[in-house]
Amino acid sequence: MKQSTKAAWLSVIFMGLGQLYNRQFIKGIILFIIEAYALIFDLLPFCHSMKGLVTLGTHTQHQDGWTIVPGDDSINLMLIGIINIIIFGIFAWVYVLNARDAYKNGQLRDQGKKPNNFKETLKFLSGNGFPYVLLTPSLVITLFITMLPLLFGIMLAFTNYSSPNHLPPKNLVQWTGFQAFTQLFSMKGWSSTFVGVFTWTIVWTILSTLTCYFVGLLFAVFINTQGIRFKSFWRGIFILPWAIPQFVSILIMHDMFNEDLGPINQYLHMLHLPMVPWFSNPLAAKALLVVVNIWFGFPYWTMLMSGIMTSVNQEMYEAADVDGASPFYKFRKITLPVVLFSTAPLLIMSFAANFNNFNVIYLLTQGAPANSDYMYAGSTDILISWIYNMTLNVGQYNMASVVSLLIFIVISIVTAWNLLRSRAFREEDMMS
């Protein structure tokens with residue numbers, strides 16, 4: 001058997017043995033201590049955490065005389081189990097690297113070469129391996145910040161964690177498989193709410209994104225039109241909506257469109273026009289949301305597109321003028337392709353952002369007006385604000401997790417598909 005194969009198998013049997021076989025004693029001892037420590041101090045807690053994750057607790061809180069005896073907290077058991085799974089994944093990754101390292105250094109011995117000693121290994125890590133040394137802590141932190149809530153949310157969707165009968169520590173939570181998914185699509189109240197809210201979320205996402213984008217494009221074209229004076233002033237004035245915190249502006253808008261006392265309806269009344277039920281009519285409330293969102297969204301696109309337009313090669317416009325092209329033809333054939341090419345990735349990400357645009361919905365209408373056909377949602381609620389209601393107001397955590405999981409799947413698929421099709425993400429020269 002080759003020395004590389006023997007070293008790899010020794011490291012598979014126990015971390016560090018392969019390195020010791022390759023005469024890398026310090027590295028081998030360090031790896032050996034890591035596995036020995038894990039086996040002595042972490043194996044038993046890991047097994048207990050896995051048992052807790054599988055059962056979600058077996059002891060229910062009960063009363064013994066005047067004393068309340070605490071039971072198992074299912075949610076804590078689930079969190080501890082997920083944390084241990086992530087730690088186990090990191091350990092498994094180190095284990096694989098350990099075997100791979102032993103195999104590679106064994107190959108050097110097969111070729112008659114001497115593997116690096118510990119000092120040379122440290123020198124390699126401070127040189128070519130330095131980027132990996134810096135990236136590794138960020139990767140580990142990302143696992144806990146990103147993967148932990150993601151896994152927790154996914155697992156909640158397969159439980160009965162909900163008010164009023166399945167809230168710890170008074171009650172235990174049980175695994176229920178796809179029961180919540182089935183209820184969402186089969187029970188009339190849940191399914192009608194999901195279909196209605198999901199449909200409005202799609203409409204809202206498309207309208208809010210495209211209106212902001214094309215209004216921003218319109219103003220950018222106006223500002224960059226030849227002959228327009230005080231361009232710096234126009235560019236500056238449209239940035240004002242960003243000067244005030246968004247939530248303050250939304251609350252001001254809410255008061256301005258107050259149905260009884262708001263100045264907008266008062267002016268309409270003075271002009272002998274019918275007052276608009278901005279917050280009690282579903283259609284008017286949805287239109288108001290789109291209009292208010294334009295106010296907050298178009299300055300960004302205007303500033304971005306203005307910058308892009310100033311970088312367009314003017315020789316293309318001059319050549320078009322020589323050929324007698326009209327302003328609209330130049331816009332359609334030169335300006336628009338350049339702007340679309342440069343902003344396509346941001347436009348796609350805007351769809352994802354507006355799909356979860358919680359601020360405008362919650363602060364302006366709070367989902368109003370009420371809809372008697374919906375469960376825990378109003379006529380203007382989108383999926384993310386519906387999730388907010390289910391979690392913080394009525395304690396339907398499992399159903400909220402199901403909807404969150406569906407949002408995650410939809411956004412991931414649409415974003416990945418669009419990014420792969422976007423020409424801006426290709427490596428070749430895209431401009432033609």
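Structure's up top.
Quick notes on the rules
Residues numbered from 1 in each chain as written. Predicted model: local features only at pLDDT ≥ 70, side-chain atom pairs only at ≥ 80, totals over all residues. Heavy atoms only, no water. Helix = DSSP H or I, 4+ residues; strand = E, 2+ residues; numbered from the N terminus. Rg over C-alpha atoms; globule rule 2.2 N^0.38 Å. Buried < 20%, exposed > 50% of the residue type's maximum accessible area, 1.4 Å probe, protein only. Axes fitted to C-alpha atoms, helices over the stretch in contact; angles between N-to-C directions. Parallel < 35°, antiparallel > 145°, perpendicular 65-115°, else oblique. Left-handed = near helix turned anticlockwise from the far one by under 90°. Nonpolar A, V, L, I, M, F, W, Y, C, P; charged D, E, K, R; others polar. Contact = heavy atoms within 4.5 Å. Phe/Tyr/Trp six-rings, centres within 6.5 Å; stacked < 30°, edge-to-face > 60°. Core = buried A, V, L, I, M, F, W, Y, C linked by side-chain atoms within 4.5 Å.

*Asks:* Explain the overall build of the protein residue by residue, including any values.
*Replies:* Looking only at helices and strands, the protein features 17 helices and 2 strands. Expected size for 432 residues packed as a compact globule is a radius of gyration near 22 Å; at 30 Å, the protein overshoots this value by more than 25%. Seen through its C-alpha atoms, the protein measures out along the principal axes to roughly 90 × 80 × 35 Å. Relative to its 432 residues, the protein shows a buried fraction of 36%.

*Asks:* Quick one: what's the story with the packing of helix 8 (residues 188-223) against helix 12 (residues 282-310), residue by residue and with numbers?
*Replies:* For any two helices packed against each other, one specifies the crossing angle of their axes together with the interaxial distance. Taken N-terminus to C-terminus, the directions of helix 8 and helix 12 make an angle of 45°; their axes are 6 Å apart at the nearest point. One element, helix 8, and the other, helix 12, form an angle in the oblique class. For the pair helix 8 and helix 12, the sense of crossing is right-handed. Its residues placed into classes, the contact of helix 8 with helix 12 shows 18 nonpolar, 7 polar and 1 charged.

*Asks:* Go over the side chain of Thr365 with me, naming the residues and quoting the values.
*Replies:* Secondary-structure assignment places Thr365 in the loop between helix 15 (358-364) and helix 16 (383-393). Among all residues touching Thr365, those that are not within four sequence positions of it are Phe279, Leu289, Val360 and Thr380.

*Asks:* Now, about the packing of aromatic side chains: what can you tell me, with residues and values included?
*Replies:* The tally for this structure, following the rule as stated, stands at 22 aromatic pairs. On the numbers, 5.5 Å between centres and 55° between planes, the contact of Phe178 with Phe181 is tilted. Assessed through its relative accessible area of 13%, Phe181 is described here as buried. Pairing Phe257 with Trp278 gives two aromatic rings, centres 5.0 Å apart and planes at 80°, and the pair type is edge-to-face.

*Asks:* Before we move on, can you summarise the nonpolar core with the specific residues and values?
*Replies:* Grouped together as the largest cluster of nonpolar side chains are 24 residues, with contacts concentrated most on Leu184, Leu383, Trp386, Met390, Val402, Val403 and Ile407. Secondary-structure elements contributing two or more residues to this core are helix 7 (179-186), helix 8, helix 14 (327-355), helix 16 and helix 17 (397-421). Looking at which element gives the most residues to this core, the answer is helix 17, with 8 residues. Core analysis: the second largest hydrophobic core is formed by 20 residues, Ile223, Trp278, Ile361 and Leu364 among them.

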